[in-house]
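# A closer look at the structure
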Amino acid sequence: MASDGGYNSVDLTWSQCSRQQLYTFFSEGKADCVKDLPVLVGSLQDWKPGLYYGVDDQCRIAFGSTARACSFTNTDLPVCRVLSCHIKPDDNSSCKRLLVPLLDGTECAPNQWCLKGRCVSPDQLRSSSSVVVHGSWSSWSQFSPCSRICGGGVTSRTRQCNNPRPAFGGNDCKGRDTEAELCHQQQCERTQLAFMAEQCAQTNLQPLYLSPNTASLYTWIPAVGFVTGDEQCRYMCQCKGENFIVSRGSQFVDGTRCEPDSPAPLGATTACLGGTCQLFGCDGVLKSGKVEDVCGVCGGDGSSCSLTSQSYSGGQAREYVTFLTLPVNATQVHIVNRAPVFTHLAVLIGNQYVVSGSGSIALNITHPSPLEDGRLVYRLYLTPDLLPLMEELLLPGTVTEETHIQVNGGVWALQCLVWWWRESAPCEMCSKARSRCPTGGRF
């Protein structure tokens, strides 16, 4: 089928060539495939082709698979009288026109559709269409390849509300247009922060124009701590040594970890997907709502571990003393020091101090970074006079390395030691933790 191509054309019409081809198709007995009637509500004339084939689809039919709808409009012709398309994938500055009207039912403005070359409202359509068209989903696409080779990438699939598109006051499709899962979740040698840092560093050679005709090169690092949520996923990086942040691209790679605007549930993962910060349940499925219980079991009922809660009094002045060794698989650790004026906490993992260790009280620390799945959070609270009021140590996830909790100071009271222990943890590890308590300590 082709249009007559005239400026005043308001309907697609059959050319002589198309008429002959269609006649031959039917006359040779090849048309049995069109004898099955479509399942439609209302008469055939009520169903407009533009509801199924949007402007992007019409551009691809006219100009090839890479064509898409023009991103800007020209006021010299009514929008429904001409098909305007970007032809080259990377060219958004020019459009090619085809002087044929858009298909009836093509959306041309909010709550308006093309009809015989005019952009009309639902009231104007009532005389030509007697049905309300509710949106219906297309089929799901194939799942995309995993976005990362380790560290938890994302694979996703999408569908569109275009089969048909909602029109004439009809309802939008119900349900989600995207399904996604975490993939390749084995741990990388590098941290999640390092993965984000690599992406920022890849833009170091791309100049930034802070003023017209003046290009400047900077070193870019993650803007962690400055932005959160969706904004963080929009490739936001901080200029090293300078006090400003800039979006260095459209979005971070899917699967890049992000900081949620509000605390995530236990065991959940927040990762970028399509430039937005999305929540994946502990089962790795987007928005599944699955959470870990206090034992670190996804969807568990808390019956596979037991609670240990004690306090400790003791310590040595000017010495770090280990009062607790956390074994692998301990979960939900919460330690509070209510006397930090005379004492302070330190954390030793392997041979490295990650909190304090230098003889002085630490400032707020998240180790290795706020983006890590198994992070350690240390917070120091101050009085109005800026004196130490309380220290708090949180390990919200599951301990993956033996961790030594130490104290520096004289005789004092460290209170509210709370953590959950998996029953599957070896008993000798529990005994080992008890044996590390100095004389006078209670476990």
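The present account deals with the structure reproduced in this document. In this text the structure is predicted, and so the values were computed from the model without any measurement.

### With respect to the packing of aromatic side chains
All chains considered together, the criterion is met by five aromatic pairs. Where Trp 220 meets Phe 244, the ring centres are 5.9 Å apart and the plane angle is 75°; that geometry is what we call edge-to-face. Taken as a pair, Trp 220 in strand β11 (residues 220-222) and Phe 244 in the loop between β12 (236-239) and β13 (245-247) lie far apart in primary sequence, 24 residues in all. Given a relative accessible area of 2%, Trp 220 falls into the buried group.

### Overview of helix α1 (residues 16-27)
Taking 1.5 Å of rise per residue, twelve residues should cover 16 Å, and α1 covers 16 Å from first to last C-alpha, within 8% of that figure. Of the residues trailing α1, Gly 29 is marked for its positive phi of about 75°.

### Structural notes on the layout of surface pockets
For the second largest pocket, the calculated volume is near 360 Å³. If you trace the second largest pocket, you find 16 residues lining it, with Cys 70, Phe 72, Thr 73, Val 79 and Ser 84 closest to the centre. If you list the elements that add at least two residues to the lining of the second largest pocket, you get β2 (83-86) and β4 (107-109). A per-class count over the lining of the second largest pocket returns eleven nonpolar, three polar and two charged.

### As for the sheet that holds strand β17 (residues 320-326)
If you trace the four strands from one edge of the open sheet to the other, you get β17-β24-β19-β20, paired in antiparallel fashion. This sheet does not close on itself; its edge strands, each paired only once, are β17 and β20 (352-355). Looking at each pair of strands side by side, their axes are set apart by 35° on average, direction ignored. Across six bridges, the pairing between strand β19 (residues 344-349) and strand β24 (residues 403-408) is antiparallel. Bridge assignment links Val 347 to a residue of β24, and that residue is Ile 405.

### Section: the sheet that holds strand β6 (residues 118-120)
Spatially, three strands are ordered β4-β5-β6 in an open sheet, and the strand pairing comes out antiparallel. Looking along the sheet, the strands with just one partner apiece sit at the ends: β4 and β6. When the angles between neighbouring strand axes are averaged without regard to direction, this sheet yields 45°. Relative to β6, strand β5 (residues 112-115) runs antiparallel, the two sharing three bridges. The partner of Cys 114 across the bridge, within β6, is Cys 119.

### Things to note about the state of the cysteines
In protein structure, a disulfide is the covalent linkage between the sulfur atoms of two cysteines. Per the stated rule, a full pass over the model turns up eleven disulfides. Through a disulfide, Cys 161 is tied to Cys 173; the S-S separation comes to 2.1 Å. Note on the Cys 161 and Cys 173 pair: the S-S dihedral is about 85°, so by sign convention the disulfide is right-handed. Residue Cys 161 is found in the loop between β7 (153-158) and β8 (178-183), and its partner Cys 173 is found in the loop between β7 and β8; the two are separated by twelve residues along the sequence.

### As for the pattern of salt bridges
Close approach of charged atoms allows side chains of opposite charge to pair. Taken as a whole and assessed by the stated rule, the structure comprises five salt bridges. The shortest N-O distance in the salt bridge between Arg 157 and Glu 179 comes to 2.8 Å. You can see Arg 157 sitting in strand β7 and its partner Glu 179 sitting in strand β8, a full 22 residues away along the chain. Look at Arg 157 and you get partly exposed, because its relative accessible area is 22%.

Reading the values: rules and limits
Residues numbered from 1 in each chain as written. Predicted model: local features only at pLDDT ≥ 70, side-chain atom pairs only at ≥ 80, totals over all residues. Heavy atoms only, no water. Phe/Tyr/Trp six-rings, centres within 6.5 Å; stacked < 30°, edge-to-face > 60°. Helix = DSSP H or I, 4+ residues; strand = E, 2+ residues; numbered from the N terminus. Buried < 20%, exposed > 50% of the residue type's maximum accessible area, 1.4 Å probe, protein only. Expected span 1.5 Å × (residues − 1). 1 Å grid on protein atoms, 1.4 Å probe; cavity = no way out; pocket = protein on both sides within 12 Å on 5 of 7 lines; lining within 4 Å. Points joined across faces, edges and corners; volume = space filled by probe spheres on them. Nonpolar A, V, L, I, M, F, W, Y, C, P; charged D, E, K, R; others polar. Pairing = 2+ DSSP bridges. Axes fitted to C-alpha atoms, helices over the stretch in contact; angles between N-to-C directions. Disulfide = S-S within 2.5 Å. Salt bridge = Lys/Arg side-chain N within 4 Å of Asp/Glu carboxyl O.

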